[in-house]
Amino acid sequence: MDKETYPAEIQSLYFAFNSGVFVLNEKEKFIAWNNWLEVRSGLSADQVIGKSFSDIFPNLAEQRIHHALQATLKFGLPATISNILNQSPFPLFLPQTNGKQLIEQQIYITPLTLDQYSISDKCCIINITDVTAARMRENALERQVREKKKAEKSLTRKHQQLQTALVAANAGTFQYYFSTQELCWDDRSYALFNIDQKNCQNLCKSWKSLHYPEDANKVQNEIQKILQNENTDLIDFEYRIINSENNIQWIGTKAIICRNTAGDRTDIIGVQQDITAQKKNQRLLREKEAAELANKTKSEFLANISHELRTPLHGILGFTRLGLKKHETADQKKIGDYFFRISQAGERLLGLLDDLLDLSKLEAGKMTMDFSEHDLSDITTQCIEEQLARANESSIGIKLTKQIPKTIVTCDNVRIRQVITNLLSNAIKFSSENTTITINLTEGLLNPSDKVHKAIKVSVANQGIGIPAAELDTVFNKFIQSSKTNTGAGGTGLGLTICKEIIDSHNGKIWAESRKGYGAVFHFVIPTQ
Amino acid sequence: MPTIIPNLSEMEHDLLTELFNIGIGGAANSLSQLVNQEILLSIPSLQFKTSNQVIDQLGKNKKLFTIAQEMEGPFTMQSLLIFNPEDGFEVVKRMLGPHLSDETLAELQSEALTEIGNIVLNACIAVISEALGEGFNIDLPIFSTTTPEDLLVKNADSESDCLLAVEVKLELKESAINGCLLFIFNTDSTENLQQTLASLLDNLQ
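Residues numbered from 1 in each chain as written. Chains lettered and ligands numbered in written order. Predicted model: local features only at pLDDT ≥ 70, side-chain atom pairs only at ≥ 80, totals over all residues. Heavy atoms only, no water.

Visitor: A description of the overall build of chain A should follow, citing residues and the corresponding values.
Guide: Each helix and strand in chain A was counted, giving 14 helices and 17 strands. Computed over C-alpha atoms, the radius of gyration of chain A comes to 53 Å, more than 25% over the 24 Å expected from 2.2 N^0.38 for 529 residues, which places it beyond the range of a compact globule. Counting over 529 residues, chain A shows a buried share of 41%. A separation threshold of at least 6 residues defines the contact pool for chain A, and within that pool the share at least 24 residues apart is 59%. When the accessible area of chain A is evaluated, it comes to approximately 30,500 Å², of which 52% is carbon and sulfur surface. Each charge class in chain A was averaged separately, 62 positive and 61 negative side chains, and the resulting centres sit 4 Å apart. (Helix = DSSP H or I, 4+ residues; strand = E, 2+ residues; numbered from the N terminus. Rg over C-alpha atoms; globule rule 2.2 N^0.38 Å. Buried < 20%, exposed > 50% of the residue type's maximum accessible area, 1.4 Å probe, protein only. Contact = heavy atoms within 4.5 Å. Areas by Shrake-Rupley, 256 points an atom, 1.4 Å probe, with all protein chains shown as cover. Lys, Arg positive; Asp, Glu negative; His and termini not counted. Charge placed at Lys NZ, Arg CZ, Asp CG, Glu CD.)

Quick look at the structure:
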């Protein structure tokens, strides 16, 4: 069959097709080749028509497309060949890509009878559709799916990591929405507080009901502070709850406040964690540190006290030996002097042991106080008289000023006397020569906000070397002495500790003030009743 | 409902079985080339069944993937390749490779299955058509998702309901995937088929 015999009206019909159409006769020769194919193959109808399939497409001989064509021509079997299972067979390229981009092809082969055109040959028509766009869409979909899956995988991994971290930290998460005032917890939070998630009607209420009574207000205040203070961005507080086993459990809450682009607060996202173990560890650590400090100060005290004990003992032993050696030859005055020194050292030793005994009694709470009404002014005057001789030795004057008419207090006479004597003795010890110690009795306050309970303040001021600011608080600690003690003033470092214990047992307060070059002032306040 | 056995002689029955056997052998060959892996197709078993029997066998209301090609000539035959969706998807997955996501495979599966059906069905039809020496008009394959009821009620002749069911097990080497080939004739077609087979046998003898 020649190309001239092929009906022109069908040729022109194929011309209008928006797909590739060619027709093969029984001998596999081209009898039609449409314009769409010309544009995409670079082969004109004139170049193709009359040629055999294998001439034009030698590479496709005996390939699936060729077998399908043969089956159609022989048995009238139609075929569909998609580019999903086959590579696009025909060398057709997208226009304007200079033969670079191959067209993805979907091919349909159907038998064709052209009896009406007096063509008796069995023919087949091959229709090639460009599915490049569809394939690109599918590729894009595939990419999207892969990226989505990758992102999901990464998110899942992060979520798992977070969950693992939360489990390891015995923590749960929560979220609070400002707009709806809704509080949401994750499963771990419910587990942490042992609240039944399914039957929980009001989460806020259930949560608050677990608060340890002493901490309930604190938590409420924290919440109010967060809700009322627009500038808060970080939340960090700790509180206690009573857990299901009726034990105290510490909860640590840390959260951040999220804001929208306008800067308005939208929600709070945070973590709540069981910090009972940490708290216990902290307490143990504190106790350990305190025990170590106590141990250290006791060691220091022992070193100090042994020195203090040895000094008078050396005095006693030294002068006793001297007396033994010289009692036959030395004159009476000398011997008398030895006895005096032995007695003095003995007194000092006794005083030291008395202090130790007092302190141990006070520490053990075994010191019984004998409270009765006494005039603080009288007690002070007696103490001054007792110390006057010692003061005079260093040409130190003692002045008592009384700015209130009534100075009656309920106290243990002996113990308060001990306090004043100690303070006065210290003041003499640390005073420079030819200076005056001032004792002032004024109205005092037990604490600045308490205007109801009347109290009397006793202030003992000297004009000595003073106390370094850093030691003002520690001078009252047990076994601690001011560094200025090293100047030779001596003492066990127990006097002020005993004073503090006594004043504490009178529900009073004792403290020290010092200004460089102006000496030190020791104040104590005790209630009148 | 009792099975209506059309009046096929033993010889006619054997001839038809052999024709399908040859056809399916060709189908296996074509498919193996296409997917470049070994595909096993079992020996076809021929049974005449009622629509209800086939519906029961395929599973009532069960979702099916079908690829259908109709053949018109001395008799009319609807040829079908049937997969359950899971197996159909698995066939596509194994043929297109594991590198594609399930989403993309779902997009491509109708096109891929249409071509697979076309190859398998063409192979069978070609043998029958050639052996019988008759001219047939054969349609392009059509893929659809359907149920056994929709599939068979549409094709069944309610008066004397009878189907020629040719079952073939299609198996990919690495995993058993069951497919089913079904050829449906209406009553007139069965008679015509029988006549055609009889005349073929006469010619052979």
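That shown, we press on.
Visitor: With reference to specific residues and values, describe the overall build of chain B.
Guide: Each helix and strand counted, chain B has six helices and nine strands in total. Burial analysis of chain B (205 residues in total) assigns 54% to the buried set. A separation of at least 24 residues holds for 75% of the contacts in chain B among residues at least 6 apart in sequence. For chain B, the computed accessible surface area is about 9,100 Å², with 46% contributed by carbon and sulfur atoms.

Visitor: Explain the layout of surface pockets to me, and be specific about the residues and the numbers.
Guide: Each pocket or cavity is described by its volume, and for the second largest pocket that value is around 570 Å³. Where the lining of the second largest pocket is concerned, the elements lending two or more residues are α5 (64-75) of chain A together with α1 (10-35) and α4 (102-132) of chain B. Among the residues forming the lining of the second largest pocket, the class breakdown is 11 nonpolar, nine polar and three charged. (1 Å grid on protein atoms, 1.4 Å probe; cavity = no way out; pocket = protein on both sides within 12 Å on 5 of 7 lines; lining within 4 Å. Points joined across faces, edges and corners; volume = space filled by probe spheres on them. Nonpolar A, V, L, I, M, F, W, Y, C, P; charged D, E, K, R; others polar.)

Visitor: Give a detailed account of the nonpolar core, specifying residues and quantitative values.
Guide: Inside soluble globular proteins, nonpolar side chains tend to come together where they are buried. Judged by nonpolar contacts, the single largest core of 59 residues is most densely connected at F20, F83, I116, L164 and L181 of chain B. When residues in this core are grouped by element, the largest group, 14 residues, is from α4 of chain B. When neighbours within four sequence positions are excluded, F20 of chain B is seen to be in contact with P44, L46, C124, I128, L164, V166 and F183 of chain B. In terms of nonpolar packing, the next biggest core, distinct from the first, is built from 46 residues, M367, M369, A512 and A520 of chain A among them. (Core = buried A, V, L, I, M, F, W, Y, C linked by side-chain atoms within 4.5 Å.)

Visitor: Go over the confidence of the model for chain A with me, naming the residues and quoting the values.
Guide: Residues at a pLDDT of 70 or more form 95% of chain A, whose mean pLDDT is 85. Highest mean pLDDT in chain A belongs to helix α4 (residues 53-56) of chain A (93); lowest belongs to helix α1 (residues 8-15) of chain A (74). (pLDDT = per-residue confidence, 0-100.)

Visitor: How would you summarise the sheet that holds strand β7 (residues 182-185) of chain A if you had to cite specific residues and measurements?
Guide: Strand pairing within a sheet occurs via backbone hydrogen bonds; the two strands may be parallel or antiparallel. Residue and element names in this part refer to chain A. If you trace the five strands from one edge of the open sheet to the other, you get β7-β6-β10-β9-β8, paired in antiparallel fashion. With partners counted over all chains shown, the strands left at the sheet margins are β7 and β8 (234-242), one partner each. Ignoring which end each strand starts from, the neighbouring axes of this sheet average 25° apart. Inspection of the sheet shows β8 paired to strand β9 (residues 248-259) by nine bridges, in the antiparallel sense. For I241, the partnering residue across the bridge sits in β9 and is Q249. (Pairing = 2+ DSSP bridges. Axes fitted to C-alpha atoms, helices over the stretch in contact; angles between N-to-C directions.)

Visitor: Quick one: what's the story with the sheet that holds strand β12 (residues 397-402) of chain A, residue by residue and with numbers?
Guide: All names here are of chain A. Pairing within the open sheet is mixed, and its five strands lie in the order β12-β14-β15-β17-β16. For this open sheet the edge positions go to β12 and β16 (509-515), each flanked by a neighbour on one side alone. Neighbour-to-neighbour, the strand axes of this sheet turn through a mean angle of 15°, independent of strand direction. Note that β12 and strand β14 (residues 436-444) share six bridges and pair parallel. Paired with T401 across the two strands is N440, which belongs to β14. Taken strand by strand, helix α12 (residues 376-393) contacts β12, β14, β15 (455-461) and β17 (519-527), and its axis lies near 170° from that of β12. Across the sheet, helix α13 (residues 413-430) is in contact with β12, β14, β15 and β17; its angle to β17 comes to roughly 170°.

Visitor: So what's going on with the interface of chain B and chain A? Residues and values would help.
Guide: The accessible area lost on association of the parts is a frequent measure of interface size. Between chain B and chain A, the residue contacts involve 28 residues of the former and 25 residues of the latter. Both faces combined, the contact of chain B with chain A buries some 2,100 Å², and carbon together with sulfur accounts for 61% of it. Considering only the side of chain B, the residues that lose the most area to chain A are E111, E115 and L140 of chain B, jointly responsible for 27% of the buried surface there. For the interface between chain B and chain A, the tally reads three salt bridges. The shortest N-O distance in the salt bridge between E115 of chain B and R64 of chain A comes to 3.0 Å. (Buried area = accessible area lost by both parts, 1.4 Å probe. Salt bridge = Lys/Arg side-chain N within 4 Å of Asp/Glu carboxyl O.)

Visitor: Give a detailed account of the packing of aromatic side chains, specifying residues and quantitative values.
Guide: Residues and elements named next belong to chain A. In this structure the tally under the stated criterion is 20 aromatic pairs over all chains. Between F30 and W33, the aromatic rings sit 5.5 Å apart at their centres with planes inclined by 85°, giving edge-to-face as the arrangement. An identical accessibility class is assigned to F30 and W33; each is buried. Aromatic rings pair up to connect F22, F30, W33, F53, F57 and F90 into one cluster. Just above the ring of W511 sits the side chain of K509; from NZ or CZ to the centre is 5.4 Å. (Phe/Tyr/Trp six-rings, centres within 6.5 Å; stacked < 30°, edge-to-face > 60°. Lys NZ or Arg CZ within 6 Å of the ring centre and 35° of its normal.)

Visitor: Which residues make up a positive patch on the surface, and what are the values?
Guide: Residue and element names in this part refer to chain A. A cluster of basic residues, K325, K326, K333 and K334, forms a positive patch at the surface. Only α10 (276-326) and α11 (332-364) provide two or more residues apiece to the positive patch. Locating K325 in the fold gives a position in helix α10. (Patch = residues over 30% accessible without salt bridge, like charges linked within 9 Å, V, L, I, M, F, W, Y side chains within 5 Å.)

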